[in-house]
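Structural description and commentary
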Amino acid sequence: MKIPKGFRYAGVPCGLKPNRRDLALVVSDVPAAAAGVFTVNRAAAAPIVDARDRVPAEGMRAILANSGNANALTGPGGLDDVSVLRGAVADALGIQKRAVLTASTGVIGARLPAMKVVTALPALVEQLGDHAELAAEAIMTTDTRPKMSAREVVLGGKSATLSAICKGSGMVAPQLATVMCLVATDAAVTPKVLQEALRRAVDRTFNMVTVDGEMSTNDCVLLLANGLAGNARIAEPGPDLEIFEAALTDLCGEMSRAVAADGEGATKLLEVVVTGAPGPEAARDCALSIASSPLVKSALFGADPNWGRILATVGARAGSRGWPIDPYKAKVALQGVRVYGGGGPVEFDRDALQMRLREPRVDLLVELADGDARATAWGCDLSYDYVKINADYASMIVQRPDGGVAKEEHVAKYSPAFKRTLLAEALKYIAAFSGQVAVIKYGGAAMVKDSLKEAFAEDVTLLKRVGLKPVVVHGGALEINKTLERLGERSEFVDGLRVTDATSLPVVEMVLTGKVNQELVALLNARDAGAVGVSGKDGRLLKARKIQHESGRDLGQVGEVVEVNRDFLRMLLKSSYIPVISPIGITEDGGGLSINADDVAAAVAVALGAKKLIYLTDVPGILESFPDGELVRQQTTADLLRRVAAGAVTGGMKYKAQAIVRALEGGVERVHVLDGRVPHTVIAELFTDRGVGSLVYR
Ligand code: ADP
Ligand code: MG
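Heads up: these notes are all about the structure in this document. On a predicted model such as this, the values are computed, not experimentally measured, just so you know.

Cut-offs applied
Residues numbered from 1 in each chain as written. Chains lettered and ligands numbered in written order. Predicted model: local features only at pLDDT ≥ 70, side-chain atom pairs only at ≥ 80, totals over all residues. Heavy atoms only, no water. Axes fitted to C-alpha atoms, helices over the stretch in contact; angles between N-to-C directions. Helix = DSSP H or I, 4+ residues; strand = E, 2+ residues; numbered from the N terminus. Parallel < 35°, antiparallel > 145°, perpendicular 65-115°, else oblique. Left-handed = near helix turned anticlockwise from the far one by under 90°. Contact = heavy atoms within 4.5 Å. Nonpolar A, V, L, I, M, F, W, Y, C, P; charged D, E, K, R; others polar. Pairing = 2+ DSSP bridges. Phe/Tyr/Trp six-rings, centres within 6.5 Å; stacked < 30°, edge-to-face > 60°. Buried < 20%, exposed > 50% of the residue type's maximum accessible area, 1.4 Å probe, protein only. Near = heavy atom within 4 Å. Polar contact = N/O pair within 3.5 Å; in protein donor to acceptor, adjacent residues only side chain to side chain. Areas by Shrake-Rupley, 256 points an atom, 1.4 Å probe, with all protein chains shown as cover. Salt bridge = Lys/Arg side-chain N within 4 Å of Asp/Glu carboxyl O. Expected span 1.5 Å × (residues − 1).

1. Looking at the packing of helix 7 (residues 280-292) against helix 9 (residues 307-321)
- Relative orientation of the contacting elements helix 7 and helix 9 amounts to 135°, with a least axis distance of 9 Å. It follows from the interaxial angle that helix 7 and helix 9 lie oblique. Regarding helix 7 and helix 9, the two cross each other, and that crossing is right-handed. Contact with helix 7, carried on its side by Glu281, Asp285, Cys286, Ser289 and Ile290, involves Ile310, Thr313, Val314, Arg317 and Arg321 of helix 9 and no other residues of that element.
- Tallied by class, residues from the contact of helix 7 with helix 9 come to four nonpolar, two polar and four charged.

In structure tokens form, the structure reads like this:
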């Protein structure tokens, strides 16, 4: 982007947001004329209160802007924080405090941790240069992309540049000057004329944008003009002002459309043009009302050429505001296709128009027959995601002890670019895995903690949605221990294997098949996953025989899988069900045996010819030694057997290792041992290049 002479930009992370740029600085090397337009919200944020009385003015040098914290409704301390920041920027740049403006955007009501900003200032100042894109990134909130642009004009033979960085997204409606937009120009203009030009440009652009009809506490457009272009200073109306103002309006218009197109949850940009209105106010009112009507906006999301909603909105405004408008005489066109006119509906090719309404930009034209005023407004469609973003927003924001704010959700903090790479990566795997069986052993903390349970159910449901055939085998050691304890019985383990005597077997069955299994099935089916709970007894799914421990200890009613009823599982998978298997085996004579779920998962994976078998456990994977060894990211069957023989893999993991070896020998290609304490670990393993946990292969 072309940067005006004498301006420098920087953008760094200062910790207001986790892992993202959140602090921007725009500096003019020489004193600049400044103008500003601000939100009319009475709950205006402290930086707005501070700045709005100080412009228009001469002698401005810098604008410090942050995202992540709005510094709004934070009490009298809010203005103190602004003052601290202005002083610190002045010191860092060696300029006067009154030459600094600030702007903030982000969460309302949390005190701005000014020290975080102050601490980051040296790095910010150090970076100053032609980094407009970094500054644009630093002011983003729920924007999905940075917004910036520039214009070049010739003023009295001298070429001048105007550049803008901008953020928008939610709480965008007219009457609040706008979203945050910082404009810099090297044109020479007096503050008074600059202010008037900016006011008119904003009225025709930012004030005609609506995303959700909400009015923010923080919106502002700030404009600095440092005169380094060397043009004769514009001090009154004339050809130079016309050229300058046209470029400024055009630039603000582009930013406004970018804001509308990137509205929260928006899938398309809407441009509404109203002509033939009885006056400019009526034209603006009708255009904005159409662009902000929830009914029009949701019809737009659904690509529905619902002109009735458009004319109903016009009629409502005419009636309630008293505009002398006759909606019956209007003409309406969508994407240039006339849908209403001549006093009634017009025949049109509905299918063809619906196709065109799926385009990323929709043009809506209402030609009134009541005058000659016109107005243009911009908006976007209203999608499911708008609600999702705004319903989750507050609950996802947590304030940390150090004053910063953080989002709970993991992916939310990554940059849009990173998310795109991740998505592209995932799609590659999704295509490769389609139709494959993946057996997942579900155990450990992932079975106990509610948020992990939810995440696991989400993951399994997603696997099925993208074409994989998941089969879940669950354990339940913790639940069994708890229940036995409650019944006054103690659990005894030999090498990670539970000793199950005749009295505890019914309890084990009750907990595994009756409780754990059914809970998991319910969790999955709440997401419409099509889960079917089965124990090894159902359809003789897991034929088993009693085992002895190698030490000779009797383990009681504990067995191993002899044969899996493959046809039964195939039948379920063929009908798109997700089998959820509890690790209870059935003996020749119909008795029950408790089986280690690791063994069941391996046997099921072999029987189904699965390529992937995944174990969720409570450690990061198979470690070089327990508990302090490094994670072994990849190893062959032989490596693993060597580690077991060397005594580096013991307890429950040793039993798992034996099951893993059996699975690999039985034809499974890859076995993963993953940390079930990390949410969405299954998805991370399957769909990204960043392997997590341990992989064992032949
Ligand atoms: P799960 O519920 O996943 O079956 P287990 O307790 O049966 O859990 O098996 C995992 C346990 O194995 C670990 O928590 C750890 O105590 C033990 N272990 C022993 N050696 C190792 C090793 N080398 N790497 C990882 N875990 C090990
Ligand atoms: Mg175990």
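2. Quick notes on the sheet that holds strand 21 (residues 531-535)
- Within the open sheet, the eight strands sit side by side as 21-24-18-17-27-29-30-28. Their pairing is mixed. This sheet does not close on itself; its edge strands, each paired only once, are strand 21 and strand 28 (634-636). Recorded for the sheet is a direction-independent mean angle of 20° between the axes of neighbouring strands.
- Sheet analysis places strand 18 (residues 469-474) next to strand 24 (residues 578-582), joined by two bridges and oriented parallel. The residue bridging Val472 from the neighbouring strand is Val580, located in strand 24.

3. Let's talk about the packing of aromatic side chains
- By the definition in use, this model includes three aromatic pairs.
- On the numbers, 6.4 Å between centres and 35° between planes, the contact of Phe433 with Phe687 is tilted. Of this pair, Phe433 sits in helix 12 (residues 416-433) while Phe687 sits in helix 20 (residues 681-687); the two residues are 254 residues apart in sequence, bridging distant segments of the chain. Each of the two residues, Phe433 as well as Phe687, counts as buried.
- Between Tyr442 and Phe456, the aromatic rings sit 3.8 Å apart at their centres with planes inclined by 10°, giving stacked as the arrangement. Residue Tyr442 is found in strand 17 (residues 437-442), and its partner Phe456 is found in helix 13 (residues 450-465); the two are separated by 14 residues along the sequence. Assigned by exposure class, Tyr442 and Phe456 land together as buried.

4. A closer look at the site of ligand 1
- Among the 16 residues in the neighbourhood of ligand 1, the closest are listed as Thr617, Leu623, Ala648, Thr650 and Lys656.
- With respect to ligand 1, the side chain of Thr617 contributes an N or O atom lying 2.6 Å from an oxygen atom.
- For ligand 1, whose accessible area on its own is 570 Å², the fraction buried by protein is 79%.
- Of all the secondary structure elements, the ones that give two or more residues to the shell around ligand 1 are strand 27 (612-617) and helix 19 (651-665).
- When residues in the shell around ligand 1 are grouped by element, the largest group, three residues, is from helix 19.

5. Quick look at the sheet that holds strand 11 (residues 337-341)
- Pairing within the open sheet is mixed, and its six strands lie in the order 12-11-10-13-9-14. Strands with a single pairing partner mark the edges of an open sheet, and in this sheet they are strand 12 (344-345) and strand 14 (373-380).
- Those strands touched by helix 7 are strand 9 (269-277), strand 13 (361-367) and strand 14, and its axis lies near 20° from that of strand 14.

6. A look at unusual backbone geometry
- The peptide bond linking Val55 to Pro56 adopts the cis configuration, its omega dihedral lying at 0°.
- Topologically, Pro56 is positioned in the loop between helix 1 (46-52) and strand 3 (57-66).
- Residue Pro627 is bonded to the preceding Phe626 through a cis peptide linkage, with omega at 5°.
- One non-glycine residue, Asn71, lies in positive phi territory at about 45°.
- By secondary structure assignment, the location of Asn71 is in the loop between strand 3 and helix 2 (77-93).
- Note on Asn71: relative accessible area 1%, which makes it buried.
- Positive phi outside glycine occurs at Ala303, with the angle close to 55°.
- With respect to the helices and strands, the residue Ala303 is situated in the loop between helix 8 (294-301) and helix 9.

7. Concerning the pattern of salt bridges
- This model, assessed by the stated rule, comprises 41 salt bridges.
- Linking Arg199 and Asp203 is a salt bridge whose minimum nitrogen-to-oxygen distance equals 3.6 Å. Of the two residues, Arg199 and Asp203 both sit in helix 5 (residues 191-204), four residues apart, roughly one turn of that helix.
- Here Glu454 makes a salt bridge to Arg527, at a shortest N to O gap of 2.4 Å. With Glu454 in helix 13 and Arg527 in the loop between helix 15 (504-525) and strand 21, this pair connects stretches of sequence that are 73 residues apart.
- The exposure class assigned to Glu454 is partly exposed, which follows from its relative accessible area of 34%.

8. Comments concerning helix 7
- In this model helix 7 runs 18 Å from its N-terminal to its C-terminal C-alpha over 13 residues, within 8% of the 18 Å that 1.5 Å per residue would give.
- Buried residues along helix 7 sit against strand 9, helix 8, helix 9, strand 13 and strand 14.

9. Focus: the environment of Arg204
- Here Arg204 shows up in helix 5.
- Owing to a relative accessible area of 56%, Arg204 belongs among the exposed residues under this scheme.
- Between the C-alpha atom of Arg204 and that of Thr376, which follows or precedes it by 172 residues, the distance is 7.9 Å.
- In this structure Arg204 touches Thr249 and Trp378, once residues within four positions along its chain are discounted.

10. Focus on the side chain of Thr637
- Mapped onto the fold, Thr637 is located in helix 18 (residues 637-645).
- Residues in contact with Thr637, not counting those within four places in the same chain, are Val661, Leu664, Val696, Tyr697 and Arg698.

11. Topic: the packing of helix 8 against helix 9
- Relative to each other, helix 8 and helix 9 sit at 165°, their axes nearing to 9 Å. Accordingly, the angle class assigned to the pair helix 8 and helix 9 is roughly antiparallel. Pair helix 8 / helix 9 crosses with left-handed handedness. Listed contacts from helix 9 to Leu295, Val296 and Ala299 of helix 8 are Arg309, Ile310 and Thr313.
- For the contact of helix 8 with helix 9, the residue count by class is four nonpolar, one polar and one charged.

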